[in-house]
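In case you want the letters, here they are:
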Amino acid sequence: MKAQLKTFFDRLSDFLTDEKRDIGRRFRDKQMAVISCGTDDQLFDGFTMPFKETANYLEMIFLGHCHGWVENELSISDKIKTELKEFEKIMNQNGELVTMENG
């Protein structure tokens, strides 16, 4: 895990300390989803585990993950665009979502 991502998760867990527990409880029943992007079409095994486990620990609902990658000349393939649209549909089924069209 990259240092920046570890710091993000560490800051989330800070909300579970005694003095900030009331803030941490606000995460309960909130939804979490992950969109990742890289230069490779493959992710390493376990990439989503910290997200899923953090959501579980904070009693959040993990909705899923979508991964895209940048191809030649920073273009996004039609396959990735289709996968993102499908992911958007899943997210829309679970509540309000800011999309590429309305965001």
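The rules behind the values
Residues numbered from 1 in each chain as written. Predicted model: local features only at pLDDT ≥ 70, side-chain atom pairs only at ≥ 80, totals over all residues. Heavy atoms only, no water. Core = buried A, V, L, I, M, F, W, Y, C linked by side-chain atoms within 4.5 Å. Buried < 20%, exposed > 50% of the residue type's maximum accessible area, 1.4 Å probe, protein only. Helix = DSSP H or I, 4+ residues; strand = E, 2+ residues; numbered from the N terminus. Contact = heavy atoms within 4.5 Å. Phe/Tyr/Trp six-rings, centres within 6.5 Å; stacked < 30°, edge-to-face > 60°. Expected span 1.5 Å × (residues − 1). Arc of directions from axis to C-beta. pLDDT = per-residue confidence, 0-100.

Peer 1: So what's going on with the nonpolar core? Which residues, and what values?
Peer 2: Ranked by size, the top nonpolar core spans nine residues in total: Phe9, Leu12, Met32, Val34, Phe47, Phe51, Ala55, Leu58 and Met60. Elements with a contribution of two residues or more to this core: helix H1 (3-14), strand S1 (31-38) and helix H3 (49-57). When sequence neighbours within four positions are dropped, the list of residues in contact with Phe47 reads Val34, Ser36 and His65.

Peer 1: Any chance you could break down the packing of aromatic side chains for me, citing the residues and the numbers?
Peer 2: Here the structure, examined in full by the defined rule, presents four aromatic pairs. A centroid spacing of 5.7 Å and a plane angle of 80° characterise the contact between Phe44 and Phe47, whose relative ring orientation is edge-to-face. Classification of Phe47 as buried rests on a relative accessible area of 16%. Ring centres of Phe47 and Phe51 lie 5.8 Å apart, and the angle between their planes is 45°; on these two criteria the pair is classed as tilted. When sorted by exposure, Phe47 lands in the same class as Phe51, which is buried. Aromatic ring contacts, followed pair by pair, group Phe8, Phe9, Phe44, Phe47 and Phe51 into a single cluster.

Peer 1: Kindly report on helix H4 (residues 78-93), identifying the contributing residues and their values.
Peer 2: Between its terminal C-alpha atoms H4 stretches 23 Å, which fits the 22 Å expected from 16 residues at 1.5 Å a residue. Taken as a whole, H4 has its buried residues at Ile80, Phe87, Glu88 and Met91. The buried residues of H4 occupy an angular sector of 110° when the element is viewed end-on, so they sit on one face. Opposite the packed face of H4, turned more than 90 degrees from it, sit the exposed residues Asp78 and Gln93.

Peer 1: Let's hear about the confidence of the model for the protein chain: which residues, and what values?
Peer 2: Summary statistics for the protein chain give a mean pLDDT of 81 and a share of 89% for residues scoring 70 or more. Per-residue pLDDT, averaged within each element of the protein chain, yields its smallest value for helix H2 (residues 21-25) (80) and its largest for H3 (89).

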